[in-house]
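Letter by letter, the chains look like this.
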Amino acid sequence: MLAYPAQAEVPVVRALLFFSPSCPHCHKVITEGLPPLLEKYPDQLRIVGIDTYTEQGHELYEAIVNRYQIPPERLGVPTMLVGETVLV
């Protein structure tokens, strides 16, 4: 029987990024904030962008707002959901 060394699993962080194409803050996060993180952690960071301008994206955003009880003063994009943590 051959024995192989245990392969260390690399933890992967999965996130949802809610954005709007017309939002300048979203544009800055997408073009300036995220690229260095994705470059530094290419195998450890997975971010799915969700356009809140689309009907499906808006519905999913509303579901997240309700699920995590985001207060009215914190509503808006960009919003990122990482696990159970909401970043606005």
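Residues numbered from 1 in each chain as written. Predicted model: local features only at pLDDT ≥ 70, side-chain atom pairs only at ≥ 80, totals over all residues. Heavy atoms only, no water.

Visitor: Is there a simple way to think about the pairing of strand β3 (residues 79–82) in this case?
Guide: Two faces make up the sheet, and in a regular strand the side chains alternate between them. Relative to β3, strand β1 (residues 13–19) runs antiparallel, the two sharing four bridges. For Phe18, the partnering residue across the bridge sits in β3 and is Thr79. Taken together, the three bridges between β3 and strand β4 (residues 85–87) define a ladder with antiparallel strand orientation. Looking at the pairing, Met80 lines up with Leu87 of β4. Linking β3 to β4, which pair antiparallel, is a turn of two residues; within it Gly83 sits at a positive phi near 60°. (Pairing = 2+ DSSP bridges. Helix = DSSP H or I, 4+ residues; strand = E, 2+ residues; numbered from the N terminus.)

Visitor: Even after reading the chapter, I still don't get the sheet that holds β3, so can you show me in this structure?
Guide: Whether parallel or antiparallel, the strands of a sheet pair through hydrogen bonds between backbone atoms. Sheet architecture is open: four strands sit in the order β2-β1-β3-β4, paired in mixed fashion. Each edge of the sheet is formed by a strand with only one pairing partner; in this case those strands are β2 (45–51) and β4. Pairwise comparison of adjacent strand axes, ignoring direction, gives a mean angle of 20° for this sheet. (Axes fitted to C-alpha atoms, helices over the stretch in contact; angles between N-to-C directions.)

Visitor: How do you make sense of the pattern of salt bridges when you look at a structure like this?
Guide: Side-chain pairs of opposite charge can arise whenever the charged atoms involved come near each other. Counted according to the given criterion, the structure contains one salt bridge. The shortest N-O distance in the salt bridge between Arg67 and Glu84 comes to 3.4 Å. One end of the pair, Arg67, is in helix α2 (residues 55–67); the other, Glu84, is in the loop between β3 and β4, and 17 residues separate them in sequence. Take Arg67 and Glu84: they sit in the same class, and that class is exposed. (Salt bridge = Lys/Arg side-chain N within 4 Å of Asp/Glu carboxyl O. Buried < 20%, exposed > 50% of the residue type's maximum accessible area, 1.4 Å probe, protein only.)

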